[in-house]
Amino acid sequence: MEIDLIASSLINNSSGDFNSLFHKADIIRKDHVGDEIHLRGLIEISNICRRNCLYCGIRSENMNVQRYRLTEDEILSSAAKAVEFRYGSVVLQAGEDSGIKADWMANIVKQIKNMGLAVTLSLGERDDADYLLWREAGADRYLLRFETSNPKLFNAIHPPLPNREPVDRIEILKKLRSMGYEIGSGVMIGIPGQSYTDLARDIDLFRTIPLDMIGCGPYLPHPQTPLGNPDTYEKHHLPVLDPKDQVSATVDMALKVIALARITCPNANIPCTTAVATIDAKEGRKHGLMCGANVVMPNLTPIKYRKMYEIYPNKAATYLTAEETHESVMQTLRELGRIPSTGRGDSRAMMERKEK
Ligand code: 5AD
């Protein structure tokens, strides 16, 4: 699909085209990855972060955040819930926490692998040696969103560390793949300063990198961040677009991105993300699964820490126990006639690459 065509599908608002896009994505999803839904238990292991991303509620300068890091026991007992619920994998996610020592993490990865689960890490930008050590410890997958393929916008919203050069997350993803990881990435939809052409290029990149997993969600403003306060945009050199070019951060736009991701990357694993479930608490998850998504990531973080991992406000399932979230996901799958998978949900895209 040409970039121009992707951009025009994003902009087009007539409901007929809309529904046919979703329908097409759903058929491709069924043909390529089937009716199974892969469940990844999400464990938010630390909200400590050295970065200062302009959009993110757990940015280091946000002094309102009470910081935490789970203990090894807390992580392992959260992972045990994934086994109990028969999920095939867990995702260990954190801010860029320098206190997560590479050896400590490697040891935890080994123990979780021994429980029979696939392990995805989402721990931000780290040294190559750490990525390698974790891969050797058995980590299967790594998630690192590139957030936007527009380098100027990326560097504005994701400032480099002091005295460091800007990073190229696409290079990091390729490096992770060469280490044998399945790689996942994605973008936020409707970042102030993001144009439809930017977003169309993002979607095209999913295919050319290529990604095994694609996670996207609407940008949700957090009042304790610079991006949540438009009067600070000038100070932060954020591009201001003509309103007709600015991507809107709506549930419909997020669903279109999921659908286009499925159409352009038929074999990818595509979650219906928490941000989609947040912006439409009633139906978001269901709609995502009806227009291309085939993965859900139920939150297994111990409930007392949930509120502290507030990357954006009113995050879905903040007050639901793991059991309650699990039950509500299962109910949605029953309503849709989709099958909860108990397997690892490995990347078909990766398997195809190996066969070549
Ligand atoms: N709105 C939406 N998504 C956000 N993320 C971080 N902050 C926000 C926000 N305010 C997303 C980023 C990050 C992922 C873990 O959460 O895309 O990569």
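Conventions we followed
Residues numbered from 1 in each chain as written. Predicted model: local features only at pLDDT ≥ 70, side-chain atom pairs only at ≥ 80, totals over all residues. Heavy atoms only, no water. Helix = DSSP H or I, 4+ residues; strand = E, 2+ residues; numbered from the N terminus. Rg over C-alpha atoms; globule rule 2.2 N^0.38 Å. Buried < 20%, exposed > 50% of the residue type's maximum accessible area, 1.4 Å probe, protein only. Contact = heavy atoms within 4.5 Å. Phe/Tyr/Trp six-rings, centres within 6.5 Å; stacked < 30°, edge-to-face > 60°. Near = heavy atom within 4 Å. Polar contact = N/O pair within 3.5 Å; in protein donor to acceptor, adjacent residues only side chain to side chain. Areas by Shrake-Rupley, 256 points an atom, 1.4 Å probe, with all protein chains shown as cover. 1 Å grid on protein atoms, 1.4 Å probe; cavity = no way out; pocket = protein on both sides within 12 Å on 5 of 7 lines; lining within 4 Å. Sits in = over half its atoms within 2 Å of the grid points. Nonpolar A, V, L, I, M, F, W, Y, C, P; charged D, E, K, R; others polar. Pairing = 2+ DSSP bridges.

Let's talk about the overall build of the protein chain
Each helix and strand in the protein chain was counted, giving 14 helices and ten strands. Compactness check: the protein chain gives a C-alpha radius of gyration of 19 Å against a globular reference of 21 Å for 356 residues, within 12% of the reference. Across its three principal axes, the protein chain shows a C-alpha extent of roughly 50 × 50 × 45 Å. Looking at the protein chain residue by residue over its 356 residues, the buried ones come to 58%. Residue pairs at least 24 apart in sequence account for 80% of intrachain contacts in the protein chain once pairs closer than 6 positions are excluded.

Notes on the packing of aromatic side chains
Taken as a whole and judged by the stated rule, the model has six aromatic pairs. Pairing Tyr142 with Tyr181 gives two aromatic rings, centres 5.9 Å apart and planes at 80°, and the pair type is edge-to-face. Of this pair, Tyr142 sits in strand β4 (residues 141–143) while Tyr181 sits in the loop between α7 (169–178) and β5 (182–185), placing them 39 residues apart in sequence. Here Tyr181 falls in the buried class, since its relative accessible area comes to 0%. Residues Phe146 and Phe206 carry aromatic rings whose centres are separated by 6.0 Å and whose planes lie at 50° to one another, so their mutual orientation is tilted. Placement of Phe146 in the loop between β4 and α6 (151–157) and of Phe206 in helix α8 (residues 196–208) is noted, with a sequence separation of 60 residues between them.

Points about the site of the ligand
The local shell around the ligand consists of Tyr55, Cys56, Gln93, Arg145, Glu147, Met188, Pro218, Tyr219, Leu220, Ile311 and Tyr312. Contact between the ligand and Glu147: an oxygen atom at 2.5 Å from a side-chain N or O atom of the residue. The separation between a nitrogen atom of the ligand and a polar main-chain atom of Leu220 is 2.7 Å. In isolation the ligand offers 400 Å² of accessible surface; the protein chains occlude 87% of this area. Applying the majority rule of atoms within 2 Å of the grid points places the ligand in the largest cavity. Broken down by class, the residue content of the shell around the ligand amounts to eight nonpolar, one polar and two charged.

Structural notes on the pairing of β5
A regular strand places its side chains so that they alternate between the two faces of the sheet. Burial along β5 is two-sided: the residues Glu182 and Gly184 and Ile183 and Ser185 are all buried. With three bridges connecting them, β4 and β5 associate as parallel partners. What sits directly across from Leu143, in β5, is Gly184. Pairing of β5 with strand β7 (residues 213–214), which is carried by two bridges, proceeds in the parallel orientation. The partner of Ser185 across the bridge, within β7, is Ile214.

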